[in-house]
Structures are given as C-alpha cells and as structure tokens.
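What follows is the residue order along each chain.
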2 protein chains.
Amino acid sequence: MTEQNKLHLEQLLPAEIEKRSFEIIGEELKARQIELLPEQEAVIKRAIHTTADFDYAKNLQFSSGAVFAAIEALRQGCSIVTDTNMARAGINQAALAQLGGRVLCFMGDEDVARAAKEAGTTRATASMEKAAASGEDFIYAVGNAPTALIRLYELVKEGRIHPKLIIGVPVGFVNVEPSKEWILTLKDTPYIVARGRKGGSNVAAAICNALLYQATGRVL
Amino acid sequence: MTEQNKLHLEQLLPAEIEKRSFEIIGEELKARQIELLPEQEAVIKRAIHTTADFDYAKNLQFSSGAVFAAIEALRQGCSIVTDTNMARAGINQAALAQLGGRVLCFMGDEDVARAAKEAGTTRATASMEKAAASGEDFIYAVGNAPTALIRLYELVKEGRIHPKLIIGVPVGFVNVEPSKEWILTLKDTPYIVARGRKGGSNVAAAICNALLYQATGRVL
C-alpha cells in the first residue's frame, strides 16, 4: 500500500470508528429532518449502524417504555432467547454475562427438532415452546422466523409467558409482515418491532447490543 | 389464535416459503425493470432475500466469471475464511462440509489477538495474516471489517495470497467505501463487492450460501 493510498483512509482505532459512525448517522438523520425520541435513539442508531439503512429510523416501532423495561430486566440478569445462531453470535455475550444473563438459542436442539416433527410445526415454533416451558421470563429476539413471533403472540395471549421484551424483526416476503402486526396489538407486553419486510438476525443482535450497552453504562 | 387470524398467514412449509419469496423477488425486480445477468441472479436474489433490500440489485459488483470460479473452487473443497463469527454462524456448514470445505474465523483466536497487539493493528488484519500464513487458497468473506479487506488487497498485491474469491461486503460509515473500491481495482482476483455503505455479516453469509447451493446442485 502506498502512502498516497493510506491517506484515503481515516487512521482511527475501532472504538473511534464506531464513535465517528454514530456522529455521521446523527448528522444524516438531522439532514433528513428526522428527530428521534431520546428513549429510542440508541436502538435506532445501532440498527442503522449495522445495516447502513436509514429505513430503520422509521420502521422501528416501540411500545411505551419498552427500552427502559428491557434495560431494567437486563440489569436484573434477564437472559435473551433468539431464533437463530447468527443472532446469538452477534449479541455481546461478555456484556450480557457481566449482568448475569445468557443468550439461548434452541433451534439446533434435538428435542426441539423432535417436538417440531411430532407436532407438524416449525423448529422455530417448538423452540419458543421450549423457552416457555422453562417458566423463566426472557427477552425474546426474533430475527428470522415469523412462526416464532406468532407462537410468542399466542403464548402471551394464553398467559403462559410474560416477556420482558419481544424484539420482532424477522426479515422476508411471506408471513413476516402479519406476524409483526400481531405483536403490535399486544397491550401489556413491551416490544420493539421493525414494521414491514425488513429486519434480520443482524438487526436483532444490534438491538440487543444497544440495550446491553445502556444497561452496562457503556458510552454509545 | 382465532381461525380468522390464521387466514392472514400463508400455510406453507419453510422450503415453500423460500421458493415463494424468491418468486416475489423476481416479480418485483421485473416491476422495477431490473434484469439480472444469469450468472449473478442467484447471488443477488439471495442478498435481497436476507435483507428485503432491493439496493443489492444495483450495488453488487462482480468481476467477470467470479461466480463460476467460486462454484468450481467450492466443488474442489475450498474453505471459506470470514471476519466475523456471525457470518460463520450464517453459512450453511452442512452444504460446505458435503463438498469438503470448512468455515474458518480466526477473530477470536488468542494468537491473533496477540499478533494484533504487537503489530498495533486490528484483529481483523491479523486474522487475514493468519489465513495467508497457512498457504491455503481460500474464499474470503468479509462482512464487517474494512481493515480485513485492505489487508487482503495488500496480500494479493504482495503475491502472498491467491484468493478463489473475495466477497467484500463490510457495512458502515467510515473507511468501508474506499476499502471496497480497492478490491474493485484488482485485475486477476475474482470478487463480489457491495459498492457503497451497505453489506454486513448476513449479506456475506447469504452470498456464500447462494454459491454453495449452486455448487451442491440445490434448487434456488
């Protein structure tokens, strides 16, 4: 690499790059005349940071007090259940462990595969059943499977789970949008939902991390 | 869930949902008057499938013959090196193993952390060094770190690596765009690059999977 080429790059440490990235996101939101609610700002900016997609400034829907409720739950050691190993890999497990929580993904479990086959349902559905059966109150982060989100909706309605937060951000073209709309109808369950088709395991992990960093007092 | 609500969902198996999703993507590309080259179609559609973001129809840049070269390499058992554990988790390891390849991510390795600290560089840079030092020709899938991409560029220029393919899709706001532009200047190295800010570990994994499914003869 020549010195001339080097000049094209900003010589910053990774932490500085993240800080500068959030500044750029803030500037561009301002240029688009988008004002974020203080409670929602860190989550929305981190979703944009992980996708470079400003649609998340508009499509993320928060139930009232959802972020505060989730931060409080994380501080009390709440664990996170996800529907993909990608989201599990993306969540900052060190920050979560510092607070006493764990990331759980049951999608690859043999008992889940067996239960899904027997019930003629998806592994995503069966993995939400498994989480519910534990009796523990979780934060649920769904980045892939609309069937997971639908089962969570049913489990809440049946009074079998009391989620500390539902992150409903599956991505896709079939059944994804209605599955999210159902979560938006829940009255006493905190949620963060990406309305429309967009989302993904990366967005689910980014939202978890934005909450974790606030819970642990990390800047950004 | 009432029967009425159930009617709002398409009752399809996961494989059918994927097929229907790709049909919708095809229809919407047509409606946008976007025609894809046959060689590039499966990769671009899977990137859109994983993000619901049609920008990937325009920002993905392919060197001539890149897809065919990668499929051939995968069929010969080529392994994939990634810069994040999220991408590693998202790549279909069963399909890759079927062909004799593995997914490697050195980001969490102790020797990489030590080498990065000693050299005053990033772990991403050091992990590309570690891959190069193995002497094996890989497919490199970079979904996060521009420094990984820059080091790959330098290693190619130094004649120390001969990648079967470079997937250059880091996402972000600082140094990401120039790092990709450098890869686009390579003459004899196959590449697939997402021009601009967008990309991510999920996109890197989706591109790998699109190549793997073609290499194993899976439909879609």
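Every value quoted in this text rests on a predicted model; they were computed, and no experiment measured them.

### Describing the overall build of chain A
(1) Moving on: Of regular secondary structure, chain A possesses twelve helices and six strands.
(2) Moving on: Relative to the 2.2 N^0.38 estimate, which gives 17 Å for 220 residues, the radius of gyration of chain A is 18 Å and therefore close to what a compact globule would have.
(3) Moving on: Considering only C-alpha atoms, chain A reaches an extent of 65 × 35 × 35 Å along its principal axes.
(4) Moving on: In chain A, which comprises 220 residues, the share counted as buried stands at 58%.
(5) Moving on: In chain A, of all internal contacts separated by at least 6 residues, the share reaching a separation of at least 24 is 65%.
(6) Moving on: Here chain A has roughly 9700 Å² of accessible surface; of this, 48% comes from carbon and sulfur atoms.
(7) Moving on: One way to put it: in chain A the 25 positive side-chain charges average out to a point 1 Å from where the 26 negative ones average out.

### Some points on empty space enclosed by the protein
By rolling a water-sized probe across the atoms, one finds the places where empty space is left.
(1) Moving on: Scanning all chains against the criterion turns up one cavity of 30 Å³ or more.
(2) Moving on: In terms of lining, the largest cavity is formed by Thr51, Asp53, Tyr56, Lys198, Gly199 and Asn202 of chain A together with Thr51, Asp53, Tyr56, Lys198, Gly199 and Asn202 of chain B.
(3) Moving on: Its residues assigned to classes, the lining of the largest cavity comprises two nonpolar, six polar and four charged.

### Focus: unusual backbone geometry
As a rule of thumb, non-glycine residues mostly have phi less than zero, and peptide bonds are mostly trans rather than cis.
All names here are of chain B.
(1) Moving on: The residue glutamine 33 is not glycine, and still its phi comes out positive at about 55°.
(2) Moving on: Here glutamine 33 is to be found in the loop between helix 2 (14–31) and helix 3 (38–51).
(3) Moving on: The phi torsion at alanine 52 lies on the positive side, around 55°, for a residue other than glycine.
(4) Moving on: Position of alanine 52 among the secondary structure elements: in the loop between helix 3 and helix 4 (56–59).

### Some points on the relation of the copies chain A and chain B
(1) Moving on: Rotating chain A by 180° about the axis while translating it 0.0 Å along that axis superimposes it on chain B, leaving an RMSD of 0.0 Å. In symmetry terms, the pair is related by a two-fold rotation axis. If distances are taken from each C-alpha of chain A to the rotation axis, the shortest is found for methionine 86 of chain A, at 2.5 Å.
(2) Moving on: Interface overlap between copies: 97% of the residues of chain A at the interface are likewise at the interface in chain B, consistent with a symmetric, same-surface contact.

### So, the packing of helix 2 (residues 14–31) of chain A against helix 3 (residues 38–51) of chain A
Residue and element names in this part refer to chain A.
(1) Moving on: Orientation of helix 2 relative to helix 3, taken along the N-to-C sense of each, is 105°, at an axis distance of 10 Å. With respect to helix 3, the element helix 2 is oriented roughly perpendicular. Contacts between helix 2 and helix 3 involve Glu18, Ser21, Phe22, Ile25, Gly26 and Leu29 from the former and Lys45, Arg46, Ile48 and His49 from the latter.
(2) Moving on: For the contact of helix 2 with helix 3, a count of residues per class yields four nonpolar, three polar and three charged.

### A look at the packing of helix 5 (residues 66–75) of chain A against helix 12 (residues 201–216) of chain A
Residues and elements named next belong to chain A.
(1) Moving on: At a minimum axis separation of 9 Å, helix 5 and helix 12 run at an interaxial angle of 65°. Our pair here, helix 5 against helix 12, has a crossing hand that is right-handed. On helix 12, the residues that touch Val67, Ala70, Ile71, Leu74 and Arg75 of helix 5 are Leu211, Leu212, Gln214 and Ala215.

### Details of the interface of chain A and chain B
(1) Moving on: Taken together, the contacts link 39 residues of chain A with 39 residues of chain B.
(2) Moving on: Overall, the association of chain A and chain B removes approximately 3300 Å² of surface from exposure, summing both partners, and the carbon and sulfur fraction of that is 69%.
(3) Moving on: Three residues, Met86, Phe173 and Val174 of chain A, lead the burial of chain A against chain B; their summed loss comes to 22% of the area buried on that side.
(4) Moving on: The interface formed by chain A and chain B contains two salt bridges.
(5) Moving on: Put simply, glutamate 28 of chain A and arginine 197 of chain B hold a salt bridge, and the shortest N to O gap is 2.4 Å.
(6) Moving on: Inspection of the chain A/chain B interface yields three residue pairs in polar contact (both at pLDDT 80 or more).

### Remarks on the layout of surface pockets
(1) Moving on: Its boundaries defined by the atoms lining it, the second largest pocket holds a volume of some 1400 Å³.
(2) Moving on: Along its surface, the second largest pocket is lined by 44 residues, and Thr84, Met107 and Asn144 of chain A together with Glu18 and His49 of chain B are the ones closest to its centre.
(3) Moving on: Element by element, the count of residues in the lining of the second largest pocket is highest for helix 12 (residues 201–216) of chain B, at five residues.
(4) Moving on: Counted by class, the lining of the second largest pocket contains 19 nonpolar, 20 polar and five charged residues.

### Section: the state of the cysteines
In a disulfide, the sulfur atoms of two cysteines are held together by a covalent bond.
Residue and element names in this part refer to chain B.
(1) Moving on: Tallied over the full model, the rule gives zero disulfides over all chains.
(2) Moving on: The thiol sulfur of cysteine 78 is not disulfide-bonded, and the nearest other cysteine sulfur, from cysteine 208, lies at 10 Å.
(3) Moving on: A relative accessible area of 7% means that cysteine 78 is categorised as buried.
(4) Moving on: In this model cysteine 105 remains outside any disulfide bridge; the closest cysteine sulfur is found in cysteine 208, 12 Å from its own.

### Examining the sheet that holds strand 3 (residues 103–105) of chain A
All names here are of chain A.
(1) Moving on: As summarised here, the arrangement of the six strands in space is 1-6-5-4-2-3, forming an open sheet in which the pairing is mixed. This sheet does not close on itself; its edge strands, each paired only once, are strand 1 (60–62) and strand 3. Strand after strand, the sheet turns through a mean of 15° between neighbouring axes, direction not considered.
(2) Moving on: Of the strands in this sheet, strand 1, strand 2 (80–82), strand 4 (139–142), strand 5 (165–168) and strand 6 (191–194) are in contact with helix 12, which crosses strand 5 at around 145°.

### Structural notes on the confidence of the model for chain A
All names here are of chain A.
(1) Moving on: Looking at chain A, pLDDT values average 94 and 95% of them are 70 or higher.
(2) Moving on: With pLDDT under 50 throughout, residues 1–7 is counted as low confidence; its partners more than four residues away or in other chains account for six contacts.
(3) Moving on: With a pTM of 0.95, the predicted complex shows an ipTM of 0.93.

### Here we look at helix 3 of chain B
All names here are of chain B.
(1) Moving on: Compared with an ideal rise of 1.5 Å per residue, which puts 14 residues at 20 Å, helix 3 spans 21 Å between its outermost C-alpha atoms and is within 8% of the ideal.
(2) Moving on: For helix 3, the tally of buried residues reaches twelve of 14 residues, placing the bulk of the element in the interior.
(3) Moving on: Of the positions making up helix 3, those classed as buried are Glu39, Gln40, Ala42, Val43, Ile44, Lys45, Arg46, Ala47, Ile48, His49, Thr50 and Thr51.
(4) Moving on: Those residues of helix 3 hidden inside the fold are in contact with helix 2, helix 4, strand 1 (60–62), helix 5 (66–75), strand 6 (191–194) and helix 12.
(5) Moving on: Note on helix 3: the residue one or two positions beyond its end, alanine 52, has a positive phi of about 55°.

About the criteria used
- Residues numbered from 1 in each chain as written.
- Chains lettered and ligands numbered in written order.
- Predicted model: local features only at pLDDT ≥ 70, side-chain atom pairs only at ≥ 80, totals over all residues.
- Heavy atoms only, no water.
- Helix = DSSP H or I, 4+ residues; strand = E, 2+ residues; numbered from the N terminus.
- Rg over C-alpha atoms; globule rule 2.2 N^0.38 Å.
- Buried < 20%, exposed > 50% of the residue type's maximum accessible area, 1.4 Å probe, protein only.
- Contact = heavy atoms within 4.5 Å.
- Areas by Shrake-Rupley, 256 points an atom, 1.4 Å probe, with all protein chains shown as cover.
- Lys, Arg positive; Asp, Glu negative; His and termini not counted.
- Charge placed at Lys NZ, Arg CZ, Asp CG, Glu CD.
- 1 Å grid on protein atoms, 1.4 Å probe; cavity = no way out; pocket = protein on both sides within 12 Å on 5 of 7 lines; lining within 4 Å.
- Points joined across faces, edges and corners; volume = space filled by probe spheres on them.
- Nonpolar A, V, L, I, M, F, W, Y, C, P; charged D, E, K, R; others polar.
- Least-squares fit on C-alpha atoms with pLDDT ≥ 70 in both.
- Axes fitted to C-alpha atoms, helices over the stretch in contact; angles between N-to-C directions.
- Parallel < 35°, antiparallel > 145°, perpendicular 65-115°, else oblique.
- Left-handed = near helix turned anticlockwise from the far one by under 90°.
- Buried area = accessible area lost by both parts, 1.4 Å probe.
- Salt bridge = Lys/Arg side-chain N within 4 Å of Asp/Glu carboxyl O.
- Polar contact = N/O pair within 3.5 Å; in protein donor to acceptor, adjacent residues only side chain to side chain.
- Disulfide = S-S within 2.5 Å.
- Pairing = 2+ DSSP bridges.
- pLDDT = per-residue confidence, 0-100.
- Expected span 1.5 Å × (residues − 1).

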